[in-house]
Every structure is written in C-alpha cells, then in structure tokens.
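# Residue-level structure breakdown
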Amino acid sequence: MSSKLEALNRWVAEVAALTEPDRVHWCDGSESENDALIERMVAAGDLIELNSKTHPNCYLHRSHPSDVARVEHLTFVCTSEPDDAGPNNNWMDPAQAHAKIDALFAGCMRGRTLYVIPYCMGPIDSPLARCGVELTDSAYVVANMRLMTRMGAAALARIEREGTFVRGLHSTGELDPHKRYIMHFPEELSIKSIGSGYGGNALLGKKCHALRIASWQARSEGWLAEHMLILGVQNPKGEIFYVAAAFPSACGKTNLAMLIPPESYRDAGWKIWTIGDDICWMTPGADGRLWAINPEAGYFGVAPGTSAKTNANALAMLNHDAIFTNVAVTADDAPWWEGLSDAKPARDWQGRDYSAASGPAAHPNSRFTVSARQCPSWSPRAEDAQGVPISAIIFGGRREHLVPLVFEARDWTHGVLVGASMGSETTAAATGAVGVLRRDSMAMKPFCGYNFADYFAHWLGIERPGAKLPKIFHVNWFRKGDDGKFLWPGFGDNMRVLEWIVGRCCGSEDAVETPIGLLPHVEDLNLTGLSVPASRLDALLHIDTEGWIAEYESIGEYLASFGARLPARLREEHRRVSSLLAADNPEPVTAGSP
Ligand code: OXD
Ligand code: MN
C-alpha cells in the first residue's frame, strides 16, 4: 500500500470500527460494479425498474416520506469560532458536534455494507478539480455519485498522487428526522451526515463538498465556489461567450443551462452549450479573466415542470440511463410528474394508487439524476482541464414584483452588492414554507461554508490590479402583472436577454442609466417572433423608485445584520445607490405622510 493512501485506509478502518458494517466495499466506478449494485437494489425493492422499452436502464427510487429535501435547520457549519460560520449558518462547536453525531454513527452500519467512494469534483486532470472520499451505507448514494462525479479508480489514483481529499461520512441511519444532522468541519475539510438518504443531504460531493467546504477552501486559495450554472452562448459568427448564473434552488437553473433558442435565433445561427447546471468553480487566470469548471459530472435536477416545451434537452436526456427519485409512474411504468404531459399517473411518489385528493402525483422536489453527457446541448468544453473563460455573471431570483427583467451592475463593487442583496421567494427544494421572500446572497444562503460578511469581502477582493472580470447582471423571469400573470414568457425566450447581456459584454448593445443599474430600452431587446404587448414589456422594465427605496432599506437592514465584519466598501456602495434612489424620487415621502 502506498504511504499516500495510508491516511485514507486508516480513516476507513476507524469509521468501520465505529459504525460496524458487515463488509467494506471499495468502489471502482466500473459498469459491472454498477450493474451488480442496481441488481441488488432492485431485488431489495430500493429501486424499481421503469419501462425498459421507453426508458431503458431507468430506475425509480422512493425515499422515506419524511426525507424529501435538504434540511437547512439540521445543517451545521462547525468552526472553532462561531463568528467564522456567521449568522448565515447554524453553528455548533466542533468537539460537541463530533460527539453528538458519532454517538449516532456508533454501530449504525450493522448488517450493512460500507461503501468507499473515491471521487473527483471537476475534470479528472484539471488543476482546478478537487478530490474527496465519501463513506456511505447507501447503495443508492453510490449509484448517484457515479453519475454526479468522476468516481472510482481514476479518482483514487489522483488521491494517491496528491495525498489530500475531503472526507465525507454518511449513513442513512434510522431515517429519523430527530436523528438527522448534516455537519461540516471546514477547518478539517470533513463532512458528517446521518439520517437522510436524500440529494444534497446524502450525495456529499454536491452541496456539502463542492459548495460548503469548497467555498471555505476557495477563500483561502483565492478562487470562488458558487451556486451557478455555466453555459456558452454561440452567436451567428461562431463566437462562444461563457456565462455563469446564480439562482436559488428550483428557480430554473437547469432550464436556463439547457435553453433552446427561439426559432428565429436558431435560424440565424445562435446556440446554447451546457457546461453545468448547478455549481461553478472559478479561478482568476494568468490573463486576469475568471476561468470556470463545473465540478459535477451529472445533473440532479428538479423533475416537476420539465417538459418538451420548457426543457426539451432535459427530456431528451431522460429516456435512458437515469435514476428518478420520488416521481409518479404511469400505468405502463413510465416516469411522470406534474407538467410533463397529459398522460395520467397511475401511482404517486409514495407508490399509492394515484388520487388527486392526495396532492401532487410527483413530489414537488422530485428529481432526476443523469450523466451530463446525455444532454444534447452538453459542451465538450466541460471536460477542459483549464475551464472556460467567463464573460458575464448573472444573479437572479424569483420576484413577483418590483425587480425588472434585467439590469447590469455599474462595476464589480456594485455587482457584488447586487449579488449580496439578492432576494427570492422560497421553493420546495428545502423543507419549510414556500413562497416567502428571503435574502439569498449569491444564491448561497444554504451553501456558503463561512460568514457571509467574509464571503462578500472575498468577492470584493477578487478585483485585483490586472483583473479582467466579467460584467455582472441581475435577471428576474418571474415578475407578474396586475392580473397576477407572468409578464415574461421565460424559457427559450430568455435567449433575448442573454443576447443583450452578451452584447453588453462586447460593447455592441445600448443601455439606460438608472439608480439601480443599467437597463435595456425595450427596443434594445431582440423581440422578433415574440408576441408580448408593449405595455407588458414596459411593465417588465419599469423602475418603481419608491418601491426600490423600500427595497434598499430592507437590504440595508439585512447587511447590517452582519455587524462590524461587513466590508465598509459594501456599506458605502449601499449608501451610494440609496442616495441615487432618493435623488430620483419625484415625490419624497416625508415622515407621517400616508
Ligand atoms: C439542488 C438544490 O439540489 O439547490 O441543486 O437544492
Ligand atoms: Mn442547487
């Protein structure tokens, strides 16, 4: 055994002594290993084979009904100093956290197999990639990690070469919400998760490693680990501009990443390439630009609402070799979810005969897991070791009111303020109330592994002499009119906004200055083939100064909640925009006025 792997072997032995599995299996990531695991899970009822004619090699997993989403209230960042985790995280003292969770791990794998999953986040030969090892007692996790990461022999070889890796220990435990914790120890580069088999709680390479732990590493090493999709916009000249975009969970990142342009655009030669749909690691390159990789190798996407109309690329990649979690099935065992088609569900996500009275057939946070390469718009540049250069960063939220379709930040500092101020109405991706407005800075509220105040400072610090940073934009596809209907059609038509954004990056598009940033005039948007009445377009781009003054007051309160650690530069930028808004207000509201 090489000395580089001794630490790994020692850790596996320690975990086995604590958890007492019947056997230990080192995953090599091979097809035969996967086939055997799938066969065992089907025999045990953990996976259900779907229609092998319409959906070859597709399986359905039904999770425990109390285990259907990320659990932010049970997710902890355990740093020596509570302030290093910050008000944006739940904190626990590391020694106390280890003791609490190790007590739950004791003997929890009796009768089970402990799987050792070496994985690499990012192209296997990329200097920007990082490795980890997940120890888990869930074969479902192994099958998902095989799709979501570069898992197995090649990752183990890289770990052996480098000697460093993030340690993730996971057990489904008793699937008891009262014995469920997702704990992060960024100072030790380790993760411990027990009591859930679901998504981000259990596939530790994803949110736990690639965002919470990686964001901590990124700060100390001078890069950014972000909750962003990455796409390439190819124009009729054949030039490709890469764009990274942050949206909170279940706000359409997968749809945007795989966008199919409207017919008039396709005819003119526009095309979208997909690099990633959820996570982006960006590093300043020698040329001053930010270079990005997608650390993931697959998609763990929200199923409901995915259809031939909203995301034909996603649908095309889901008819073979995919795992579905908590979707419904039709009478002929095809996967089904709300919004997919007019077909009727026969059984709901819990396996019950479907009845409209028991709520949605598919769970609102039901998911698909699939290899990224199956996406028709998959870009081969996703395997580029050096990554792709980012021309624009987009922040976006789900806002029914106030926030216009698109605006551009004046400069990097303003862009960081725009990202830090992001607000969005909550979705089913996490447990808790849906539709409530919350601040979700850079869409990282659930995922930043350290104090947001330090994170904002890190973002500001990315602007160094010689840096050629991307322009920063904000979009909102979700604004509604007085009639309660969405003003913008969204989906493929978001291409029109992307064209303006890319045009701004190369100086070919016009904009109008407002206190909150630069907006297109309606005529700056390419609206060929779009039948949205002019009044709705005006409403989409309208700036309600009084509404924005109130918004900036609420942003100010939010920023103040980070106390003295908040960078002064961000506070000043907030003051600057607030005074622009006050100066722009035609009828200043005086105290006591109605
Ligand atoms: C996800 C999420 O699964 O953000 O990507 O919840
Ligand atoms: Mn996500």
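Attention in this report is confined to the structure presented alongside it.

## As for helix H5 (residues 139–148)
- Burial within H5 is extensive, with 9 of its 10 residues counted as buried.
- Residues of H5 that are buried include every one of Ala 139, Tyr 140, Val 141, Val 142, Ala 143, Asn 144, Met 145, Leu 147 and Met 148, and no others.
- Capping the start of H5, Ser 138 holds a side-chain oxygen 3.3 Å from the backbone nitrogen of Tyr 140, two or three residues further along.

## Brief notes about the pattern of salt bridges
- Summed over the entire model, instances satisfying the criterion amount to 32 salt bridges.
- With a shortest N-O distance of 2.9 Å, Arg 289 and Asp 287 are connected by a salt bridge.
- A relative accessible area of 32% means that Arg 289 is categorised as partly exposed.
- Each of Lys 206, Lys 207, Lys 253, Asp 278 and Glu 296 takes part in salt bridges that share partners, so that together they form one network.

## What about the site of ligand 1?
- Looking at ligand 1, the residues that line it are Arg 70, Lys 206, Lys 207, His 227, Ser 249, Asp 278, Arg 367, Ala 429 and Phe 447.
- Here Lys 207 contributes a side-chain N or O atom positioned 3.0 Å from an oxygen atom of ligand 1.
- Within the side chain of Ser 249, an N or O atom sits 2.5 Å from an oxygen atom of ligand 1.
- Starting from 210 Å² of accessible surface for ligand 1 in isolation, the protein chains cover 94%.
- Among the detected pockets, ligand 1 sits in the largest pocket.
- Across the shell around ligand 1, the residue classes tally to 2 nonpolar, 2 polar and 5 charged.

## Notes on the coordination of the manganese ion (ligand 2)
- Protein coordination at the manganese ion (ligand 2): the donors are Lys 207 (NZ), His 227 (NE2) and Asp 278 (OD), at 2.2 Å from the metal.
- Spacing between the donor residues of the manganese ion (ligand 2) along the chain follows K-x19-H-x50-D. Here His 227 is found in the loop between strand E12 (224–226) and strand E13 (228–234), whereas its partner Asp 278 is found in the loop between strand E15 (271–276) and strand E16 (280–284), with 51 residues between them in sequence. As far as burial versus exposure is concerned, His 227 and Asp 278 are alike and both buried.

## Details of empty space enclosed by the protein
- Enumeration according to the criterion identifies 1 cavity of 30 Å³ or more in this entry.
- Volume-wise, the largest cavity comes out at about 140 Å³.
- Take the lining of the largest cavity: its biggest share by element is 4 residues, from helix H16 (residues 545–560).
- Partitioned by chemical class, the residues of the lining of the largest cavity number 8 nonpolar, 3 polar and 2 charged.

What counts, and where the lines are drawn
- Residues numbered from 1 in each chain as written.
- Chains lettered and ligands numbered in written order.
- Predicted model: local features only at pLDDT ≥ 70, side-chain atom pairs only at ≥ 80, totals over all residues.
- Heavy atoms only, no water.
- Buried < 20%, exposed > 50% of the residue type's maximum accessible area, 1.4 Å probe, protein only.
- Helix = DSSP H or I, 4+ residues; strand = E, 2+ residues; numbered from the N terminus.
- Polar contact = N/O pair within 3.5 Å; in protein donor to acceptor, adjacent residues only side chain to side chain.
- Salt bridge = Lys/Arg side-chain N within 4 Å of Asp/Glu carboxyl O.
- Near = heavy atom within 4 Å.
- Areas by Shrake-Rupley, 256 points an atom, 1.4 Å probe, with all protein chains shown as cover.
- 1 Å grid on protein atoms, 1.4 Å probe; cavity = no way out; pocket = protein on both sides within 12 Å on 5 of 7 lines; lining within 4 Å.
- Sits in = over half its atoms within 2 Å of the grid points.
- Nonpolar A, V, L, I, M, F, W, Y, C, P; charged D, E, K, R; others polar.
- Donors = N, O, S within 2.8 Å, 3.2 Å for Na, K, Ca; no water.
- Points joined across faces, edges and corners; volume = space filled by probe spheres on them.

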